[in-house]
Structures are given as structure tokens and as C-alpha cells.
Amino acid sequence: MGLIGAGPWAELAHAPMLARGPHTRLAGVWARRPEAAARLGAPVFELVEELFDACEAVAFCVPPAVQAELGVKAAKAGKALLLEKPLADSLEAAERLAAAIAEAGVPSQMMLTLRYAARTREFLARCAEIEPFGGHAANLSGVLLGDHPFGTPWRLERGALLDVGPHMIDLLDAALGPVTGVRAHGDPLGWAGLLLEHEGGAVSETSLCMTVPGETPPTSVAVYGRKGSAVLVPDDGDALAVVAEEFARTVREGGHPLDAARGLRLQRVIAEAEAQLAAP
């Protein structure tokens, strides 16, 4: 595995996950700041093309616009891709990246970390049993306030919808059926609300905000059906090990439900919501 990016999330999650094994080995890192890459305990490559030559697959931990650009290069180089959410910074860039991956025929997998946790998988299995017709989700934090390590420029510019929106939309989509429509209100840099319509007639709501001061409640998802209900308070403590194991399998065998095509579907919902929030 090669790693592109050396920011806080790369140092906290990606590099340890890939280096830990036994399913992956961290072959090297490329980042815009070589001094940051050097902290990750792997060989540092000056050129991203040299990193491609040293690995079978590439993990991305960079801003969405950078992932969209370098992901195309990695796909054309024949590398499998472990991609962060969102897929890109715009729908057009996401479409280019997904098309490049499809054209190259390389495997891809999205690092939607909540989906790899055992508790989430139990929740989704329960949702499949209850004939769901509605649900709601909330992801609230103060990440965009003060000197938070994840208050990075792209998050400060685009807000909760592009950052945590993919997690919530993905979970509701998986629990209630594919999203077929969205109505948005609020402000991505403040409080944003989405009303989602799902294939089959289910509906759901999600609230997103990253400017809540003080202590915030945990992220939560609740789904209601004709045969009961299901509630998830996510715990992704075991998720990273599962990501690495499943991605190694994806590289060898191809195919994963959370592939770039899934990321593109989520990006389309986000793009429509952003357009509505930007309308006068």
C-alpha cells in the first residue's frame, strides 16, 4: 500500500492501519509536505509517480479536490484505490474520478468508516427485518469552532454537508433504500437539514452541524418499520482493522459494495442539496 497524504487523519488512522498488517504493508508515503510524511514511519517519495511504482494499491487521505486529481492518476497507473469520503469536491470531479476507475478496471473502496463497524452491520441487518418506512439521523460537533485539528480549510469552506453528510446519507440509504430525492434547508456552515426520499416510499431526515459549542450528543441513527425499530449509536472502534482486511480482499478479488460508484451516488445527493442551499 502507498499512502497519499500526511495530515492528522493520516497520522491517526491511515498510516497505523496500513502498517499494522497482517493484510497490508505500508510501502511509502507521498505528501505535499515531506516533513509531515516523514513522521509516519515509512519511506517518503518525492514524486507521486515513484510511490505508484512501489505499491500495488493506494490509500488517499487528502482534501477532496486533491483526491479527485491524484485518484485519476493512480487509476491510470493501474492501482487499486482506497478512497476517503467525499469522493471529490464537486460532482463533475467525482464523475471524472469514477469514470477513470471504471475505464482502468481497477478495484476501489470507500473508507466510510462507520459501515465497517460490527455495531453498524448489526443495525443494518435489523433494518432489513423490520420493513422500514422512515428514519432520522443527526451528526453534531464543534469541529469548525476554534483550533480543532480537523478544522481544515476545505471543511471550513464547505461545512458539514460535504464532510459528515456522506456518512449520514450512506447509512440512511443503506437502511431505507436508495435515495431518490432530497430537499435541503439551512446553512452548510451552520445547521443543515435534509429530507430524503427513498426508493420504495420511505422517507428520512438528517441534521448536520459542525459549529455546536460545548459537549454534543453522540451521532445517532434511528429507523422505524412495520415490524419494529432499530437505533444505532455508532462505535467505529473495530472498523479500521476491517477496512484493511476487506480492502486487501478487494485488491485480490475485486468488487466491494462501498466502491467508487457508491461514492458517486452519495456525491450526487450532496450536490443537489448544496445547489438548493445556495439558491436565493
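Since the structure is predicted, the reported quantities are computational estimates derived from the model, not experimental observations.

1. A word on the overall build of the chain
The helix and strand inventory of the chain stands at 11 helices and 11 strands. Along the first, second and third principal axes, the C-alpha set of the chain runs to 55 × 40 × 35 Å. Once local pairs closer than 6 in sequence are excluded, the contacts in the chain between residues at least 24 apart make up 71%. For the chain, the exposed surface amounts to about 12,300 Å²; the carbon and sulfur share of it is 53%. Here the chain contributes 24 positively and 35 negatively charged side chains, and the mean placements of these two sets differ by 3 Å.

2. Details of the pairing of strand 10 (residues 220-225)
Strand direction decides the pairing type here: strand 6 (residues 132-140) and strand 10, joined by 6 bridges, are antiparallel. Looking at the pairing, G135 lines up with V223 of strand 10. Looking at chain direction, strand 10 and strand 11 (residues 228-232) are connected through 5 bridges and run antiparallel. The partner of V221 across the bridge, within strand 11, is L232. Count of turn residues in the strand 10/strand 11 antiparallel hairpin: 2 residues.

3. Examining the packing of aromatic side chains
Scanning the model with the defined rule gives 1 aromatic pair in all. Between W9 and F150, the aromatic rings sit 6.1 Å apart at their centres with planes inclined by 75 degrees, giving edge-to-face as the arrangement. Of the two residues, W9 is situated in helix 1 (residues 8-20) and F150 in the loop between strand 6 and helix 7 (153-158); the sequence distance between them amounts to 141 residues. For W9, a relative accessible area of 26% gives the class partly exposed. In this structure F150 comes out as partly exposed when scored by relative accessible area, which is 22%.

4. Let's talk about the sheet that holds strand 10
Within the open sheet, the 6 strands sit side by side as 7-8-9-6-10-11. Their pairing is mixed. Each edge of the sheet is formed by a strand with only one pairing partner; in this case those strands are strand 7 (179-186) and strand 11. Pairs of neighbouring strands in the sheet enclose a mean axial angle of 10 degrees, with direction left out of account. Inspection of the sheet shows strand 8 (residues 191-198) paired to strand 9 (residues 203-209) by 7 bridges, in the antiparallel sense. Note on strand 9: the bridge partner recorded for A192 is L208. Sheet contacts for helix 9 (residues 165-176): strand 6, strand 7, strand 8, strand 9, strand 10 and strand 11; angle to strand 6, the most-contacted strand, approximately 165 degrees. Lying on the sheet, helix 11 (residues 260-278) is in contact with strand 7 and strand 8; it crosses strand 7 at an angle near 35 degrees.

5. Focus: a negative patch on the surface
Residues E46, E49, E50 and D53 make up a contiguous surface patch of negative charge. Within the fold, D53 resides in helix 3 (residues 48-53).

6. Some points on the side chain of D170
Residue placement: D170 occurs in helix 9. The exposure class of D170 is buried, given its relative accessible area of 1%. Within the local environment of D170, its side chain forms a polar contact with the side chain of R262, the two groups lying 2.7 Å apart.

7. Describing the nonpolar core
Residues L3, I4, F60, L81, L83, F123 and L194 are the most contacted members of the largest nonpolar core, which totals 97 residues. With 7 residues, the single largest contributor to this core is helix 11. Ignoring any residue separated from it by four or fewer positions in sequence, one finds I4 in contact with W30, V48, L51, F52, V58, A59, F60, C61, V62 and L70.

8. A look at the side chain of R115
On the secondary structure map, R115 appears in the loop between strand 5 (108-110) and helix 6 (118-129). Residue R115 is classed as buried on the basis of its relative accessible area, which comes to 15%. Sequence-distant contacts of R115, that is, excluding residues within four places in its chain, are made with T120, R121, L124, D170, L171, A174, L258 and R262.

9. With respect to the sheet that holds strand 4 (residues 80-83)
Strands sit in the order 2-1-3-4-5 across an open sheet of 5 strands; the sheet is parallel. Unpaired on one side and paired on the other, strand 2 (28-30) and strand 5 mark the two borders of the sheet. Sheet twist, expressed as the mean angle between neighbouring strand axes with direction ignored, is 20 degrees. By the bridge criterion, 3 bridges tie strand 1 (residues 2-4) to strand 3 (residues 57-60) in an arrangement that is parallel. Note that in strand 3 the partner of G2 across the bridge is V58. Its contacts with the sheet put helix 4 (residues 64-76) on strand 1, strand 2, strand 3 and strand 4, and the angle it makes with strand 3 is roughly 175 degrees.

10. Description of unusual backbone geometry
That bond from G21 to P22 is cis: its omega, 0 degrees, falls within 30 degrees of zero. Between K85 and P86 the backbone carries a cis peptide bond, its omega angle lying at -10 degrees. Along the polypeptide, P86 turns up in the loop between strand 4 and helix 5 (91-104). With phi around 50 degrees, E131 is a residue other than glycine that occupies positive phi space.

Definitions and limits used
Residues numbered from 1 in each chain as written. Predicted model: local features only at pLDDT ≥ 70, side-chain atom pairs only at ≥ 80, totals over all residues. Heavy atoms only, no water. Helix = DSSP H or I, 4+ residues; strand = E, 2+ residues; numbered from the N terminus. Contact = heavy atoms within 4.5 Å. Areas by Shrake-Rupley, 256 points an atom, 1.4 Å probe, with all protein chains shown as cover. Lys, Arg positive; Asp, Glu negative; His and termini not counted. Charge placed at Lys NZ, Arg CZ, Asp CG, Glu CD. Pairing = 2+ DSSP bridges. Phe/Tyr/Trp six-rings, centres within 6.5 Å; stacked < 30°, edge-to-face > 60°. Buried < 20%, exposed > 50% of the residue type's maximum accessible area, 1.4 Å probe, protein only. Axes fitted to C-alpha atoms, helices over the stretch in contact; angles between N-to-C directions. Patch = residues over 30% accessible without salt bridge, like charges linked within 9 Å, V, L, I, M, F, W, Y side chains within 5 Å. Salt bridge = Lys/Arg side-chain N within 4 Å of Asp/Glu carboxyl O. Polar contact = N/O pair within 3.5 Å; in protein donor to acceptor, adjacent residues only side chain to side chain. Core = buried A, V, L, I, M, F, W, Y, C linked by side-chain atoms within 4.5 Å.

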